Amino acid sequence: MPAVHSLGTEGLPAAREERLLPEFVNTGALRRLRGPGWAECTEEGPRGAQPECPRLHPRCVHVDTSQCCPQCKERKNYCEFRGRTYQTLEEFAVSPCERCRCEASGEVLCSVSACPQTECVDPVYEPDQCCPICKNGPNCFAETAVIPAGREVKTDECTVCHCTYEEGTWRVERQATCTRHECRQR
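The following paragraphs examine the structure supplied in this document. Here the structure is a predicted model, which is why all the values come from computation and not from measurement.

## Topic: the side chain of Thr159
Link 1 in the chain: Considering the arrangement of structural elements, one finds Thr159 in strand S15 (residues 159–162).
Link 2 in the chain: A distance of 2.8 Å separates the side chain of Thr159 from the side chain of Arg180, its partner in a polar contact.
Link 3 in the chain: Thr159 has contacts with Val153, Lys154, Cys178, Thr179 and Arg180, leaving out every residue within four places of it along the chain.

As structure tokens, this is what we get:
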């Protein structure tokens, strides 16, 4: 069985040479991979093969290369999106309909508002609002005329129309329900 390489008092190899075991040793200033591709990290840098180093974090913006293995000293804690900078977990509006968030991963995730269906046939888009609004209230078409919901409207001498109301909301029927009555001839 091969002997383990002995270490001196400074953590550096002792004078005698012995066969190395294929395993990893980390003792302060000495970092050694034992076996055919051994590496040693000293204050002056690596000796032997380049040691296996942990991967740097993808958001690392400041790397310390003074050690045998590079170390991340500072991670990026912001996102860049459309020419602007946002802090991690900051939420922001890109437009009245689009909200975004700077994730801890450095990615910006956005969602677009889903607008409810309007209760009118003549919705209006206001500046700085995402969804259309019904300025004239709920309504529907009676042929080509727009009539208000909630009351019967006479469209001619013989026809009365109304928008359909169902279960507390105006049902999405763009056309009014109209009833034709017998007209008196004059």
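There is more to say, and it comes next.
## Considerations on the sheet that holds strand S14 (residues 153–154)
Note on sheets: strands pair through backbone hydrogen bonds, and any given pair is parallel or antiparallel.
Link 1 in the chain: Across the sheet, 3 strands lie side by side as S14-S15-S18; this open sheet has antiparallel pairing. Edge positions in the sheet fall to S14 and strand S18 (177–180), since each of these pairs with one other strand and no more.
Link 2 in the chain: Examined bridge by bridge, S14 and S15 share 2 bridges and lie antiparallel to one another. Its bridge partner lying in S15, Val153 is registered against Cys161.

## Observations concerning the packing of aromatic side chains
Link 1 in the chain: Scanning all chains against the criterion turns up 2 aromatic pairs.
Link 2 in the chain: Taking 6.0 Å as the distance between ring centres and 55° as the angle between the ring planes, the aromatic pair formed by Phe81 and Phe92 counts as tilted. One end of the pair, Phe81, is in strand S7 (residues 78–81); the other, Phe92, is in strand S9 (residues 91–95), with 11 residues separating them in the sequence. The same class applies to Phe81 as to Phe92, namely buried.
Link 3 in the chain: Among the aromatic residues, those joined into a cluster by ring pairs are Phe81, Tyr86 and Phe92.

## Let's talk about the pattern of salt bridges
Link 1 in the chain: Within this structure, the stated rule accounts for 5 salt bridges.
Link 2 in the chain: Linking Arg101 and Glu103 is a salt bridge whose minimum nitrogen-to-oxygen distance equals 3.3 Å.
Link 3 in the chain: Here Arg180 and Asp156 are joined by a salt bridge, their closest N and O atoms 3.8 Å apart. Taken together, the residues Arg180 in strand S18 and Asp156 in the loop between S14 and S15 connect sequence positions 24 residues apart.
Link 4 in the chain: Relative accessible area serves as the criterion here: at 62%, Arg180 is assigned to the exposed category.
Link 5 in the chain: On the basis of relative accessible area, Asp156 is assigned to the partly exposed category, the value being 34%.
Link 6 in the chain: Counted as one network, the salt bridges with shared partners bring together Glu91, Arg101 and Glu103.

## Describing the state of the cysteines
Link 1 in the chain: Across all of its chains, the model carries 9 disulfides by this definition.
Link 2 in the chain: Two residues share a disulfide in this structure: Cys60 and Cys72, whose sulfurs sit 2.3 Å from each other. In this structure, the disulfide formed by Cys60 and Cys72 twists by about 115° around the S-S bond and is classed as right-handed. Of this pair, Cys60 sits in strand S5 (residues 60–64) while Cys72 is found in strand S6 (residues 71–75), placing the two residues 12 residues apart along the sequence.
Link 3 in the chain: Paired through a disulfide, Cys140 and Cys163 show a sulfur-sulfur distance of 2.1 Å. Classification of the bridge connecting Cys140 and Cys163 rests on its S-S torsion, roughly -100°, and on that basis the disulfide is left-handed.

## A look at the sheet that holds strand S11 (residues 108–112)
Link 1 in the chain: Taken together, 3 strands build an open sheet; the order of strands is S9-S10-S11 and the sheet is antiparallel. The open sheet has two edge strands with one neighbour each: S9 and S11. Along the sheet, successive strands turn relative to each other by an average axial angle of 30°, direction set aside.
Link 2 in the chain: Examined bridge by bridge, S9 and strand S10 (residues 98–102) share 4 bridges and lie antiparallel to one another. In the sheet register, Ala93 faces S10, and the bridge partner there is Arg99.

Cut-offs applied
Residues numbered from 1 in each chain as written. Predicted model: local features only at pLDDT ≥ 70, side-chain atom pairs only at ≥ 80, totals over all residues. Heavy atoms only, no water. Helix = DSSP H or I, 4+ residues; strand = E, 2+ residues; numbered from the N terminus. Polar contact = N/O pair within 3.5 Å; in protein donor to acceptor, adjacent residues only side chain to side chain. Contact = heavy atoms within 4.5 Å. Pairing = 2+ DSSP bridges. Phe/Tyr/Trp six-rings, centres within 6.5 Å; stacked < 30°, edge-to-face > 60°. Buried < 20%, exposed > 50% of the residue type's maximum accessible area, 1.4 Å probe, protein only. Salt bridge = Lys/Arg side-chain N within 4 Å of Asp/Glu carboxyl O. Disulfide = S-S within 2.5 Å. Axes fitted to C-alpha atoms, helices over the stretch in contact; angles between N-to-C directions.

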